[in-house]
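A look at the structure
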Amino acid sequence: MATIAAIIASTHHPFYLRATTATGDDRPPFADEWQAKIEAFRETLTRARPDVLVMVGSDHFHQLWLDNMPQFLIGKAPFYDANYYNEEREFGLPRMKLRGHEDLSAHLLRGGIDAGFDLAFSNELRVDHSITCPIITLRPQADLPIVPVYTNIFAPPMPQPRRFAELGRAIRALVESWPSDQRVAIIGTGHLSLELGGPRQFGPHGPDPEFDRKAVGWIASSDLDAALAEVSLDSLWQPGNATHGFMDFMLMMGVAGDNAKADYADSLDLFHTMEAYFTWYPEGEAGGGEGGAGGAEGWAGGAEGWAGGAEGWAGGAEGWAGGAEGWAGGAEGWAGGAEGWAGGASRKAAP
């Protein structure tokens, strides 16, 4: 049977490639740290030596629209075109063509339907940055076949959070039952607190740092009971209007298993989001363990951690997020100023 080589969950910030390939005055001050964190995160997949990638994400109203919105969809094509024109224009993402894995797609689709999930499928699916961003960050050579799994996190009525966790458990069981000697990495991307097009979009950090703190703790320990006790379809509007993407993290917690502590966890507070990265090794640690999941210096709870330390990113007087010269808030800021990357009339994102 197949081996699950790694389970990986992360955010999927579409500006990573543009930010970290920029040079000179165009390079934002946080790019070096962001790039270093991504390179360390990438190593967690490289160590796992996967043969195929199951990729969980969500279509950002590119291919799927309100005239036909599946709740859960599995791609079963031999190839997938990737990225759309607005993603090229705004984020600098390249056009890509990714190989599919039709046999594993068929296995997940048949088994998922038999397990009680009324899965949709597509033989002609073009994927967007929820799939390509983790390819760029984790496997930039894009040389492995993929099985895309799309979830509905944008268009009500959406599935309940518990259903996402249940599907995650089912995906793991189905991969483990696949009659193959291949090593499979299951990779999913979602959101922490996130505001899109609303008044909290371009703040000095994610729109709800307290939700982010709790969410990172839930994910790092795969504490689904704690997450489900607080998270509902209604409550997820409160941290930001796009925070329902957290349900994809709940799906990945289902894949990882209840209370499975991540072997690797790290995070970075950017101008309007918290970025977070997690890896589990079901067959035993593959060289991880240096991440911030549980140690005294860990993100969520350590004395110097982001959430509470005096020198932490969220509160330090010299911190990126709050300083008078900070990129998020200053007149020349990356996120919001007239010349900023993401918000101004002359922004770098839309040359």
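Residues numbered from 1 in each chain as written. Predicted model: local features only at pLDDT ≥ 70, side-chain atom pairs only at ≥ 80, totals over all residues. Heavy atoms only, no water.

Description of helix H4 (residues 102-114)
Over its 13 residues, H4 extends 18 Å from the first C-alpha to the last, a length consistent with the 18 Å expected when each residue adds 1.5 Å. Burial in H4 covers these residues: Leu104, Ser105, Leu108, Leu109, Gly111 and Gly112. Glycine 116, located one to two residues past H4, shows a positive phi value of around 105°. (Helix = DSSP H or I, 4+ residues; strand = E, 2+ residues; numbered from the N terminus. Expected span 1.5 Å × (residues − 1). Buried < 20%, exposed > 50% of the residue type's maximum accessible area, 1.4 Å probe, protein only.)

Regarding unusual backbone geometry
Trans is the prevailing form of peptide bonds, just as negative phi is the prevailing case for residues other than glycine. The omega torsion across proline 156 and proline 157 is 5°, close enough to zero to call that bond cis. With respect to the helices and strands, the residue proline 157 is situated in the loop between strand S7 (146-151) and helix H6 (161-176). If you check the backbone angles, alanine 142 has positive phi at about 50° while not being a glycine. Relative to the elements of secondary structure, alanine 142 occurs in the loop between helix H5 (129-138) and S7. We classify alanine 142 as partly exposed; its relative accessible area is 26%. For serine 222, which is not glycine, the phi torsion reads 45° and is therefore positive. On the basis of relative accessible area, serine 222 is assigned to the buried category, the value being 0%.

Looking at the pairing of strand S2 (residues 52-57)
The element S2 is largely enclosed, with a buried count of six among its six residues. The alternating pattern of S2 places Val52, Val54 and Val56 and Leu53, Met55 and Gly57 on opposite faces, both of which are buried. Summarising the sheet, S2 and S7 pair through five bridges and their orientation is parallel. Within the sheet, the bridge partner assigned to methionine 55 lies in S7 and is proline 148. (Pairing = 2+ DSSP bridges.)

Brief notes about helix H9 (residues 246-256)
By the criterion of burial, H9 is predominantly enclosed, with 11 of the 11 residues buried. When we look at burial in H9, the residues that qualify are Phe246, Met247, Asp248, Phe249, Met250, Leu251, Met252, Met253, Gly254, Val255 and Ala256. Positioned one or two residues after H9, glycine 257 has a phi angle of 105°, which is positive.

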